[in-house]
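# Observations on the model geometry
Listed below are the residues making up each chain.
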Amino acid sequence: MEQARWTRARLGRCGPPLDLLTARFDRHAYASHAHEQFSIGICVGGAEVIDYRGGHLRPGPGSIVVLDPGEMHTGRPAASDGYAYRALYPDPSLLTDGTLGGVPYFREPLLDDPELAAALSRAHRALSDCPDPLETESRLPWLLTALARRHSTSRPSADTLPGAAHIAHAVRDRLADELLDPPTLALLAAEQGLSRYQLLRAFRTTMGIPPYAWLAQHRVHRARGLLESGLRPAETAALVGFADQAHLTRWFRRVLGVTPAVYRNSVQDDRR
């Protein structure tokens, strides 16, 4: 079975693109090539062989492979049952926010970090299905910074940030005020003289969740009022800033445990 699907997500509204690849190959072998960006892959099934830096990498399920920009490499199945992986191709700047010393260098390209591999795989799956710009900007730079801080030669930058609660509340208020067209986190960070990593850290520390999750929950609470007034889920989704009815439904069920249609029918029944 040979399958490959590319998704292009954006890091915030009108922000730079970030490509995501979901692939399953039984026979396909890549010719030797290099990327301008980092190539970060999470093996999710089977086994692969990658020729890299004069040796052979053999990732298996749950492992992370980090290939530096400009480094030649190949890729092919290690056995007849093939392999499956998820990959993303971030610009080097996305790995430097929370580190010191320039572009991170990974001496060991094959990493054993089950927690981070699982988090990257979950984010990749969610953003491949629904590449929401604020969610992309909230999740991937945070995880890529963690990757660089844990496994590269770069030193972590200081995490202490005075006034974190004030920063988080200012971001929260901007997101609430502009829920239909939220500003990028990069813009909000620049306005406060911060890196995006610092802003994300302040928000997560204070609010307990990343910005995209807070805004999604705020949108759900706004949606409840519209559904109670009689609007249909498809109309409601557009009015509170969700991409479509399916996007609203996913978050509505996460927050309230029922679909918007079930909720609307139940509150309408109570009024009769």
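Each chain has its residues counted from 1, following the order in which its sequence is written. Local features in a predicted model are, by the rule used here, given only for residues with pLDDT of at least 70; side-chain atom pairs are given and counted only at 80 or more, and totals for whole chains, interfaces and linings are based on all residues. Excluding hydrogens and water, the side-chain values take into account all heavy atoms of the structure.

Further remarks concern the packing of aromatic side chains. Between 30 and 60 degrees the pair is tilted, below 30 it is stacked and above 60 it is edge-to-face, where a pair is any two Phe, Tyr or Trp rings, Trp via its six-membered ring, whose centres lie within 6.5 Å. Counted by the stated rule, this structure contains eight aromatic pairs. Taking 5.9 Å as the distance between ring centres and 85° as the angle between the ring planes, the aromatic pair formed by F38 and F106 counts as edge-to-face. Of this pair, F38 sits in the loop between strand 3 (30–33) and strand 4 (39–46) while F106 sits in the loop between strand 10 (99–100) and strand 11 (110–111); the two residues are 68 residues apart in sequence, bridging distant segments of the chain. Here F38 and F106 have matching classes, each one buried. When the ring of W142 is compared with that of Y197, the centres are 5.3 Å apart and the planes differ by 20°; the resulting orientation is stacked. Residue W142 is found in helix 2 (residues 133–151), and its partner Y197 is found in helix 5 (residues 196–207); the two are separated by 55 residues along the sequence. Comment: elements are numbered from the N terminus, with helices defined as DSSP H or I runs of at least four residues and strands as E runs of at least two. Each residue is placed in one exposure class: buried if its accessible area under a 1.4 Å probe, protein chains only, is under 20% of its type's maximum, exposed if it is over 50%, and partly exposed if it falls in between.

This part covers the sheet that holds strand 6 (residues 55–57). For sheets, the rule is that strands pair by backbone hydrogen bonds, running either parallel or antiparallel. Each pair of strands is called paired provided DSSP finds at least two bridges between the two strands. Strand order across the open sheet formed by four strands is 3-8-5-6, with antiparallel pairing between neighbours. One side of each edge strand has no neighbouring strand; the edge strands of this open sheet are strand 3 and strand 6. Between one strand axis and the next, the sheet turns through 20° on average, direction left out of account. Relative to strand 8 (residues 73–77), strand 5 (residues 48–52) runs antiparallel, the two sharing three bridges. Opposite Y52, over in strand 8, you have H73 as the bridge partner. Axes, fitted as lines to C-alpha atoms, cover a helix only where it is in contact. Angles between the N-to-C directions of the axes lie from 0 to 180 degrees.

This part is about the pattern of salt bridges. By salt bridge we mean one thing: a side-chain nitrogen of Lys or Arg within 4 Å of a carboxyl oxygen of Asp or Glu. Summed over the entire model, instances satisfying the criterion amount to 16 salt bridges. Among the ionic pairs, R13 bridges to D181, the shortest N-O distance being 2.7 Å. Residue R13 is found in the loop between strand 1 (3–10) and strand 2 (17–25), and its partner D181 is found in the loop between helix 3 (164–177) and helix 4 (185–191); the two are separated by 168 residues along the sequence. R53 is paired through a salt bridge with D68; the nearest N and O atoms lie 3.2 Å apart.

A few words now on the sheet that holds strand 2. With antiparallel pairing, the six strands of this open sheet are ordered in space as 1-2-9-4-7-11. Unpaired on one side and paired on the other, strand 1 and strand 11 mark the two borders of the sheet. Pairing geometry for strand 7 (residues 64–67) and strand 11, over two bridges, is antiparallel. Within the sheet, the bridge partner assigned to V65 lies in strand 11 and is L110. Note on contacts: a residue pair is in contact if any heavy atoms of the two residues lie within 4.5 Å. Strand contacts of helix 2: strand 1, strand 2, strand 4, strand 7, strand 9 (83–89) and strand 11, with the helix running at about 105° to strand 1, the strand carrying the most contacts.

Keep in mind these numbers describe shape, not what the thing actually does.
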